[in-house]
Amino acid sequence: HMLEQTFRDYEGVTFIRPGYYYSNWMHYLDLVREHGILPTSFPPELAIGMIAPEDVAKFAADAIAGRYGQRIYEISGPYYSSRDVADIFGNYLGREVAPVQTSRDQWEESLLNTGFSVDAAQKFAQMTGAVVDGLTGAEFPDEVIIAETGLMTYLETING
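Residues numbered from 1 in each chain as written. Predicted model: local features only at pLDDT ≥ 70, side-chain atom pairs only at ≥ 80, totals over all residues. Heavy atoms only, no water.

Draft legend 1. Layout of helix α7 (residues 151-159). Buried residues of α7: L151, Y154 and L155, and no others. Looking straight down α7, one finds that the buried residues subtend no more than 100° of arc, so they occupy a single side. If you follow the buried residues of α7, they end up packed against α3 (53-64), β6 (79-80) and α4 (82-93). (Buried < 20%, exposed > 50% of the residue type's maximum accessible area, 1.4 Å probe, protein only. Helix = DSSP H or I, 4+ residues; strand = E, 2+ residues; numbered from the N terminus. Arc of directions from axis to C-beta. Contact = heavy atoms within 4.5 Å.)

Have a look at this one:
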């Protein structure tokens, strides 16, 4: 949002607002594989739009090539809850997986433990809070571009 506000008056600037990246869940794959739990900051039933980073990259390349004419694009993929993600991980790994919600006061520490820098953990926790608090809905809901890559396909693609 800050970048959009800073550059909004420049001609030819394109903004892409992606959904929650599947890759954010990959920090937990070893823990899921070993213990069958998926840490999540989201309420287990809260479904949000998620997307493969590769889908965003492909879309961005097309936008840069001039295939689209807008300035702001909201792009998402399927909507999944943390429970859905746990089930998909479970199917992928062949084991039961349960989502375990981390309390808000533990978000930053949890992110630091997965390798985030202090600044990144703070920003990611703020973003997560905005999602949980319902502050991140699409500005142009009728124009959201939906990518087709599902989480299982993403897992199979990145892990062979």
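Draft legend 2. Local environment of the side chain of S81. Relative to the elements of secondary structure, S81 occurs in the loop between β6 and α4. On the basis of relative accessible area, S81 is assigned to the buried category, the value being 4%. Sequence-distant contacts of S81, defined by excluding residues within four places in its chain, comprise P44, E45, L46 and A47.

Draft legend 3. Representation of the packing of aromatic side chains in the model. Taken as a whole, this structure holds eight aromatic pairs when the rule is applied. Aromatic side chains F59 and Y73 sit 5.0 Å apart centroid to centroid with 75° between the ring planes, which places their arrangement in the edge-to-face category. A residue pair is termed long-range when its members are at least 10 positions apart, and F59 in helix α3 and Y73 in strand β5 (residues 72-76) qualify at 14 residues. In this structure, F59 and Y73 share a single accessibility class: buried. Centroid distance F116 to F124: 5.2 Å. Interplanar angle 55°. Geometry classified as tilted. The same class applies to F116 as to F124, namely buried. These aromatic residues form a ring-pair network of at least three members: Y20, W25, F42, F116 and F124. (Phe/Tyr/Trp six-rings, centres within 6.5 Å; stacked < 30°, edge-to-face > 60°.)

Draft legend 4. Spatial organisation of the packing of α4 against α7. One can describe the packing of α4 onto α7 by two numbers: an axis separation of 10 Å at closest approach and a directional angle of 45°. With respect to α7, the axis of α4 lies oblique. Where α4 crosses over α7, the two elements pack in a sense that is right-handed. Counted together, V85, I88, F89, N91 and Y92 of α4 and L151, M152, L155, E156 and N159 of α7 form the full contact between these two elements. Here the residues of the contact of α4 with α7 sort into seven nonpolar, two polar and one charged. (Axes fitted to C-alpha atoms, helices over the stretch in contact; angles between N-to-C directions. Parallel < 35°, antiparallel > 145°, perpendicular 65-115°, else oblique. Left-handed = near helix turned anticlockwise from the far one by under 90°. Nonpolar A, V, L, I, M, F, W, Y, C, P; charged D, E, K, R; others polar.)

Draft legend 5. Representation of the sheet that holds strand β4 (residues 48-51). Sheet architecture is open: three strands sit in the order β2-β4-β6, paired in mixed fashion. Single-partner strands in this sheet number two, and they are β2 (20-21) and β6. Where β4 and β6 come together, two bridges link them in antiparallel fashion. Pairing of I48 across the sheet is with Y80, part of β6. (Pairing = 2+ DSSP bridges.)

Draft legend 6. Structural detail: the nonpolar core. Formed by 28 residues in total, the largest nonpolar core has its most connected members in W25, L38, M50, V85, F89 and L151. Broken down by secondary-structure element, the contributors of at least two residues to this core are α2 (29-35), β4, α4, α5 (107-113), α6 (118-132) and α7. Among residues more than four places away in sequence, those in contact with F89 are W25, M26, L29, V32, L38, V97, L151 and L155. Core analysis: the second largest hydrophobic core is formed by seven residues, F59, A63, I75 and A147 among them. (Core = buried A, V, L, I, M, F, W, Y, C linked by side-chain atoms within 4.5 Å.)

Draft legend 7. Just α4, in detail. The end-to-end C-alpha distance of α4 is 16 Å, a good match for the 16 Å that 12 residues give at a rise of 1.5 Å each. Residues of α4 that are buried include every one of S82, V85, A86, I88, F89 and G90, and no others. Along its buried surface, α4 packs onto α2, β3 (37-40), β4, β6, β7 (98-101) and α7. Once α4 finishes, G94 follows within two positions and takes phi at roughly 70°, a positive value. (Expected span 1.5 Å × (residues − 1).)

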